[in-house]
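# Breakdown of the fold
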Amino acid sequence: LRQLVRHKINLCELFSSSTSSDGSADSITRAVVNAAIPVAFGVTACVALAFFVDHPTDITVRPEESRDLNQGCIFLNVFDSHDVWHVLSAVGLALWIFTLLEIRLRMRAQQLPSLSELNQRLQQTDVAVMEVTPTASTLSTHG
């Protein structure tokens, strides 16, 4: 967040724009996916928190009594609510890391010079090198 504030980056603008603005279907798809990732994280985190609040066990009772509190499987006839919480929190953390990575990559991309700027710098360097480098005719007159 500190970098977002320091570089004055708008998150909505960051995720709504694609890296290439040629209007092709690929760039539009990438923009939609990049905008959907933070939304998917938010939804996943909220659902995971709902499962986290539901306490199917009680650690203050004996194990025999705690087993009586166990709930039935609610997902794929295998996972109970605690297992679903583990899965959702793992997916949420992965989406959060992907969101942070995407933000960082886009911040770096905004800081990089454009291709035209790089081309202009390269041409200026070529001109400067040509001015400093002796040619064959100057070498034969001095040698």
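Note that the structure is a prediction, hence the values are computed from the model and not measured.

Parameters and conventions
Residues numbered from 1 in each chain as written. Predicted model: local features only at pLDDT ≥ 70, side-chain atom pairs only at ≥ 80, totals over all residues. Heavy atoms only, no water. Helix = DSSP H or I, 4+ residues; strand = E, 2+ residues; numbered from the N terminus. Buried < 20%, exposed > 50% of the residue type's maximum accessible area, 1.4 Å probe, protein only. Contact = heavy atoms within 4.5 Å. Areas by Shrake-Rupley, 256 points an atom, 1.4 Å probe, with all protein chains shown as cover. Expected span 1.5 Å × (residues − 1). Phe/Tyr/Trp six-rings, centres within 6.5 Å; stacked < 30°, edge-to-face > 60°. Salt bridge = Lys/Arg side-chain N within 4 Å of Asp/Glu carboxyl O. Patch = residues over 30% accessible without salt bridge, like charges linked within 9 Å, V, L, I, M, F, W, Y side chains within 5 Å.

Turning next to the overall build of the protein chain. Per the secondary structure count, the protein chain includes seven helices and zero strands. Secondary structure of the protein chain in N-to-C order comes out as α-α-α-α-α-α-α. Residues classed as buried in the protein chain amount to 16% of the 143 residues present. For the protein chain, contacts bridging at least 24 residues in sequence account for 61% of all contacts bridging at least 6. Just so you have it, the protein chain exposes about 11100 Å², and 65% of that area is on carbon and sulfur atoms.

If you trace the backbone, Thr-44 turns up in helix α3 (residues 25–53). In this structure Thr-44 touches Leu-88, Val-91, Gly-92 and Leu-95, once residues within four positions along its chain are discounted.

Attention shifts here to helix α5 (residues 81–111). In a regular helix each residue adds 1.5 Å, so 31 residues correspond to 45 Å; α5 covers 45 Å between its end C-alpha atoms and thus fits that length. Of all the residues in α5, the buried ones are Ser-81, Val-84, Leu-88, Gly-92, Leu-95, Thr-99, Glu-102, Ile-103, Arg-106 and Met-107.

Once that is clear, we can look at the packing of aromatic side chains. Across all of its chains, the model carries two aromatic pairs by this definition. Seen from their ring centres, Phe-41 and Trp-96 are 5.0 Å apart, and the 35° between their planes marks the pair as tilted. Of this pair, Phe-41 sits in helix α3 while Trp-96 sits in helix α5, and the two are 55 residues apart along the sequence. Exposure remark for Trp-96: the relative accessible area of 39% places this residue in the partly exposed category. Between Phe-52 and Trp-85 the ring centres are 5.2 Å apart and the planes differ by 40°, which places this aromatic pair in the tilted class. Linking Phe-52 in helix α3 with Trp-85 in helix α5, this pair joins segments that are 33 residues apart in sequence. With relative accessibility at 44%, the residue Phe-52 sits in the partly exposed group.

Of note, Ala-94 is situated in helix α5. Ala-94 sits in the partly exposed class, given a relative accessible area of 46%. Along the sequence, Ala-94 and Phe-41 sit 53 residues apart, while their C-alpha atoms lie 8.6 Å from each other.

Before going further, it helps to examine the pattern of salt bridges. Per the counting criterion, the structure on display carries one salt bridge. Two residues, Arg-62 and Glu-65, come together in a salt bridge whose shortest N-O distance is 3.6 Å. Classification of Glu-65 by relative accessible area gives partly exposed; the value is 33%.

Let's shift gears to a nonpolar patch on the surface. A contiguous nonpolar patch, built from Ile-74, Phe-75, Leu-76 and Val-78 and spanning about 410 Å² of accessible area, is present on the exposed surface. Mapped onto the fold, Phe-75 is located in the loop between α4 (63–68) and α5.

Once that is clear, we can look at the environment of Asp-80. Looking at where Asp-80 falls in the secondary structure, it is placed in the loop between α4 and α5. In sequence terms Asp-80 and Asn-70 are 10 residues apart; their C-alpha atoms lie 8.6 Å from each other.

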